[in-house]
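Listed below are the residues making up each chain.
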Amino acid sequence: MEGTVFVPALEGMKHVKSENGEMLTKEFLEVCKQIMPVIDKFGAAMALVKSDIGGNITRLENKFLTSPSEFNLLYNMVRVEVEAKTAKGSSSCTNGLLWLTRAMDFLVELFRNLLEHEDWTMPQACADSYQKTLKKWHGWLASSTFSLAMKLAPDRKKFMDVICGTGDINADIEKFCTNFTPLLEENHKFLASVGLDDLKAS
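Residues numbered from 1 in each chain as written. Predicted model: local features only at pLDDT ≥ 70, side-chain atom pairs only at ≥ 80, totals over all residues. Heavy atoms only, no water.

Taking an unreviewed UniProt entry as the reference, the chain is identified by name as Glycolipid transfer protein 1 belonging to Heracleum sosnowskyi.

Next comes the structure, spelled out in structure tokens:
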């Protein structure tokens, strides 16, 4: 593998904004897809996260494909649902974008932990990231399932060796966290502006 597993996502992030600085649907979803191979390396511990991310990407992609010119900009999907008063539905694109962004928050936090806390075990890094990001939005059942899954997290050193490839893994994780965080914050900011950033899991 040329470089680390983060290379495609880092490349993709350069193209997520339009010339006017607006978030592009296809390109943003592409970056999220590029993270999937990294999630795969976690094995069973991330099966839940992976299916959740995959499902939300598919939902947003399918909506985009119904009218690529109308939904070229990511937030247009949300605007249409807000107007139609369907944004709060559990199968809405708004809900999909919100949970996709939250899952990405969790992953960014996890990689940041791996970078900053070299003495932490993988389950420790996962648990801390979960506390800081997803936990407050999950009900008891989701929370218990998640905590259980995190115990299956792979050995930290083995994981780092696998995702390293031929590149500088720490530098790429740093770049990934630095470049992706503002995009995720932008999603939250937009969702908050329409009063939809604090929906909890049903």
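**Quick look at helix α6 (residues 122-132)**
So the rule is basically this: A simple rule labels every residue: compare its accessible area, found with a 1.4 Å probe on the protein chains alone, to the largest value its type can have, and call it buried under 20%, exposed over 50%, or partly exposed in between. Counting from the N terminus, the helices are the DSSP runs of H or I reaching at least four residues and the strands are the DSSP runs of E reaching at least two. Here, the arc refers to the directions that run from the helix axis to the C-beta atoms. Between two residues, a contact is recorded if the distance between any of their heavy atoms is within 4.5 Å.
Every buried residue of α6 is accounted for by Met122, Ala125, Cys126, Ser129 and Tyr130. Mapping the buried residues of α6 onto a view down its axis gives an arc of 130°, with all of them on the same face. Packing partners of the buried residues in α6 comprise α5 (93-116), α7 (140-150) and α8 (156-164).

**With respect to the side chain of Thr25**
Heads up, the condition is: Here a polar contact is taken to be a pair of N or O atoms separated by no more than 3.5 Å, where protein atoms must pair a possible hydrogen donor with a possible acceptor and residues adjacent in sequence count only if both atoms sit in side chains.
With respect to the element layout, Thr25 can be found in helix α2 (residues 25-40). On the basis of relative accessibility, which here comes to 0%, the residue Thr25 falls in the buried class. At 3.5 Å, the side chain of Thr25 and the backbone oxygen of Leu73 are in polar contact.

**Quick notes on α7**
Each turn of an α-helix holds 3.6 residues, which means side chains three or four residues apart point in the same direction. When α7 is considered as a whole, its buried residues turn out to be Ser143, Phe146, Ala149 and Met150. The buried residues of α7 occupy one face: seen down the axis, they fall within an arc of 130°. Facing away from the buried side of α7 by over 90 degrees, the exposed positions are Trp140, Leu141 and Leu148.

**Remarks on the environment of Gly96**
Mapping Gly96 onto the fold places it in helix α5. Given the relative accessible area of 0%, Gly96 is considered buried. Through-space distance from the C-alpha of Gly96 to that of Leu60 is 6.8 Å; in sequence the pair is 36 residues apart. Once you skip the residues sitting within four places of it in the chain, Gly96 turns out to touch Asn56, Arg59 and Leu60.

**Concerning the packing of aromatic side chains**
Our working rule: Aromatic pairs are defined between Phe, Tyr and Trp rings, using the six-membered ring for Trp, whenever the two ring centres lie within 6.5 Å; interplanar angles under 30 degrees are classed as stacked, those over 60 as edge-to-face, and all others as tilted. Only when the NZ of Lys or the CZ of Arg is both within 6 Å of the ring centre and within 35 degrees of the ring normal is a charge said to sit over the ring.
Per the counting criterion, the structure on display carries 10 aromatic pairs. Look at Phe42 and Phe111: their rings are 6.4 Å apart centre to centre, the planes differ by 50°, and that puts the pair in the tilted class. One end of the pair, Phe42, is in the loop between α2 and α3 (47-66); the other, Phe111, is in helix α5, with 69 residues separating them in the sequence. One aromatic cluster in this structure is built from Phe6, Phe28, Phe42, Phe111, Phe159, Phe176 and Phe180. The residue whose ring lies beneath Arg102 is Trp99, and the NZ or CZ to ring-centre distance is 4.6 Å.

**Remarks on the UniProt feature "domain: Glycolipid transfer protein" (unreviewed entry) in the chain**
For the record, the criterion: UniProt positions are given in the numbering used here, feature names are shortened, and annotations may be inferred rather than shown by experiment.
Those residues carrying the UniProt feature "domain: Glycolipid transfer protein" (unreviewed entry) are residues 24-164 in this numbering. What you have in residues 24-164 is 72% helix and 0% strand, and the ends, taken at the C-alpha atoms, are 29 Å apart.

**With respect to the packing of α2 against α5**
A pair of packed helices is captured by two measures, namely the crossing angle of their axes and the spacing between those axes. This is how it is decided: Throughout, an axis means a line fitted to C-alpha atoms (over the contacting stretch in the case of helices), and angles, computed between N-to-C directions, take values from 0 to 180 degrees. For classification purposes, an angle smaller than 35 degrees is called roughly parallel, one larger than 145 roughly antiparallel, one from 65 to 115 roughly perpendicular, and anything else oblique. Take the far helix as your reference; a near helix turned counterclockwise from it by less than a right angle gives a left-handed crossing, and one turned clockwise gives a right-handed crossing. Three residue categories are used. Nonpolar comprises Ala, Val, Leu, Ile, Met, Phe, Trp, Tyr, Cys and Pro, charged comprises Asp, Glu, Lys and Arg, and polar comprises the others, including Gly.
Following both chains from N to C, one finds α2 and α5 inclined at 45°, their axes separated by 12 Å at the closest point. For the element pair α2 / α5, the angle class is oblique. Crossing angle aside, the handedness with which α2 passes α5 is left-handed. Residues Phe28, Leu29, Cys32, Ile35, Val38 and Ile39 of α2 form the contact with α5, whose own contacting residues are Leu97, Leu100, Met104, Leu107 and Phe111. Among the residues forming the contact of α2 with α5, the class breakdown is 11 nonpolar, no polar and no charged.

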